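Listed here are the chains, written in short residue letters.
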Amino acid sequence: MKASIFCLPSVGSRAETEAGMAATRPELYQRMLKELTELVKLADDLGYDSVSFTEHHFHIEGFEVSNNPVLLDLYFAMQTKRIRVGQLGIVLPAANPIRVAEDIAMLDHMTGGRACAGFARGYQRRWVESWRSRRTASPAPCRTVTMRSIRPAARRSRRTGRSSRNAGLRRC
């Protein structure tokens, strides 16, 4: 059986978030990174399969402070041995899908094949279960799947000079 952790990085204690503007305090962000590092290292040691993060922007209150899950993935992968790192999910309407594919492919290379990608409509249980049920038992390396899935959009982009907003990215 595979077990994964899905994190919504948040900063500050209840009192600190209730005081307001917790996400604007660098010391709280550093504390959150330290605490998540301990969690991810423990999960790695215990044999968890993966850890993933959501993408949210402009949460100055301190809840869900995760505006770049790919960078968080790299940060935690560099401190662990075997756990896979990923996102659930990247907000594709707000990003260039070709750039997202490149970032995930680079992450996969930099982590030695430990990257996985999730593109979901939301993080509520119905969307997470829907995404997990479509995963294959032995996925191809993320860099291969991701780059193969964006080729048609890349060709259109070169031909027209405009990027596509729907490159048809697949998760791995």
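Since we're looking at a predicted model, the values are computed, not measured.

1. A closer look at the overall build of the protein
Then comes step 1: Scanning the protein from terminus to terminus reveals six helices and four strands.
Then comes step 2: Looking at the protein alone, contacts between residues at least 24 apart form 72% of all its contacts between residues at least 6 apart.

2. Let's talk about the packing of helix 3 (residues 69-77) against helix 4 (residues 97-110)
Then comes step 1: Packing of helix 3 against helix 4 leaves a shortest axis separation of 10 Å and a crossing angle of 0°. One element, helix 3, and the other, helix 4, form an angle in the roughly parallel class. Contacts between helix 3 and helix 4 involve Val 70, Asp 73 and Leu 74 from the first element and Asp 103, Ile 104, Leu 107 and Met 110 from the second.
Then comes step 2: Considered class by class, the residues forming the contact of helix 3 with helix 4 number five nonpolar, no polar and two charged.

3. Describing the packing of aromatic side chains
Then comes step 1: Tallied over the entire structure, the rule returns two aromatic pairs.
Then comes step 2: An angle of 20° between the planes, with centres 5.3 Å apart, marks the rings of Phe 53 and Phe 76 as stacked. Of this pair, Phe 53 sits in strand 2 (residues 50-53) while Phe 76 is found in helix 3, placing the two residues 23 residues apart along the sequence.
Then comes step 3: Using a relative accessible area of 1% as the deciding quantity, one classes Phe 76 as buried.
Then comes step 4: Centroid distance Tyr 75 to Phe 76: 5.1 Å. Interplanar angle 80°. Geometry classified as edge-to-face.
Then comes step 5: Here a set of aromatic residues connected by ring pairs shows up, and it is made of Phe 53, Tyr 75 and Phe 76.

4. Describing the nonpolar core
Then comes step 1: Core analysis: the biggest nonpolar cluster contains 26 residues, and Cys 7, Val 11, Leu 36, Val 51, Phe 53, Phe 76 and Ile 104 have the highest contact counts within it.
Then comes step 2: Not counting chain neighbours up to four residues away, the residues in contact with Phe 76 comprise Leu 33, Leu 36, Thr 37, Val 40 and Phe 53.

5. Regarding the side chain of Asp 44
Then comes step 1: Here Asp 44 is to be found in helix 2 (residues 26-46).
Then comes step 2: Residue Asp 44 is classed as buried on the basis of its relative accessible area of 5%.
Then comes step 3: Among the polar contacts made by the side chain of Asp 44, one reaches the main-chain amide nitrogen of Arg 82 at a distance of 3.1 Å.
Then comes step 4: Look past the residues within four positions of Asp 44 in its chain and what remains in contact with it is Thr 80, Lys 81, Arg 82 and Ile 83.

6. With respect to the confidence of the model for the protein
Then comes step 1: Per-residue pLDDT for the protein has a mean of 76; in total, 68% of the residues score no lower than 70.
Then comes step 2: Here residues 134-148 scores under 50 on pLDDT; set against residues more than four positions off or in separate chains, the count is 26 contacts.
Then comes step 3: In this model, residues 163-172 is a region of pLDDT below 50 whose contacts with residues beyond four sequence positions or in other chains number 45 contacts.

7. Digging into the packing of helix 2 against helix 3
Then comes step 1: Packing of helix 2 against helix 3 brings their axes to within 10 Å, and their N-to-C directions diverge by 55°. When the interaxial angle is binned, helix 2 and helix 3 end up oblique. When the axes of helix 2 and helix 3 are compared, the crossing they make is right-handed. Mapping the contact onto sequence places Tyr 29, Leu 33, Leu 36, Thr 37 and Val 40 in helix 2 and Leu 72, Tyr 75 and Phe 76 in helix 3.
Then comes step 2: Here the contact of helix 2 with helix 3 is composed, by residue class, of seven nonpolar, one polar and no charged.

8. Regarding the sheet that holds strand 3 (residues 84-88)
Then comes step 1: Pairing is parallel across the open sheet formed by four strands, whose spatial order is 1-2-3-4. On the outer flanks of this sheet lie strand 1 (4-7) and strand 4 (115-118), each paired with one strand and no other. Across this sheet, the average inter-strand angle for adjacent strands is 20°, counted without regard to direction.
Then comes step 2: Two elements, strand 1 and strand 2, share four bridges in a ladder whose sense is parallel. The partner of Ile 5 across the bridge, within strand 2, is Val 51.
Then comes step 3: Contacting strand 1 and strand 2, helix 2 runs over the sheet at an angle of about 165° to strand 1.

Definitions and limits used
- Residues numbered from 1 in each chain as written.
- Predicted model: local features only at pLDDT ≥ 70, side-chain atom pairs only at ≥ 80, totals over all residues.
- Heavy atoms only, no water.
- Helix = DSSP H or I, 4+ residues; strand = E, 2+ residues; numbered from the N terminus.
- Contact = heavy atoms within 4.5 Å.
- Axes fitted to C-alpha atoms, helices over the stretch in contact; angles between N-to-C directions.
- Parallel < 35°, antiparallel > 145°, perpendicular 65-115°, else oblique.
- Nonpolar A, V, L, I, M, F, W, Y, C, P; charged D, E, K, R; others polar.
- Phe/Tyr/Trp six-rings, centres within 6.5 Å; stacked < 30°, edge-to-face > 60°.
- Buried < 20%, exposed > 50% of the residue type's maximum accessible area, 1.4 Å probe, protein only.
- Core = buried A, V, L, I, M, F, W, Y, C linked by side-chain atoms within 4.5 Å.
- Polar contact = N/O pair within 3.5 Å; in protein donor to acceptor, adjacent residues only side chain to side chain.
- pLDDT = per-residue confidence, 0-100.
- Left-handed = near helix turned anticlockwise from the far one by under 90°.
- Pairing = 2+ DSSP bridges.

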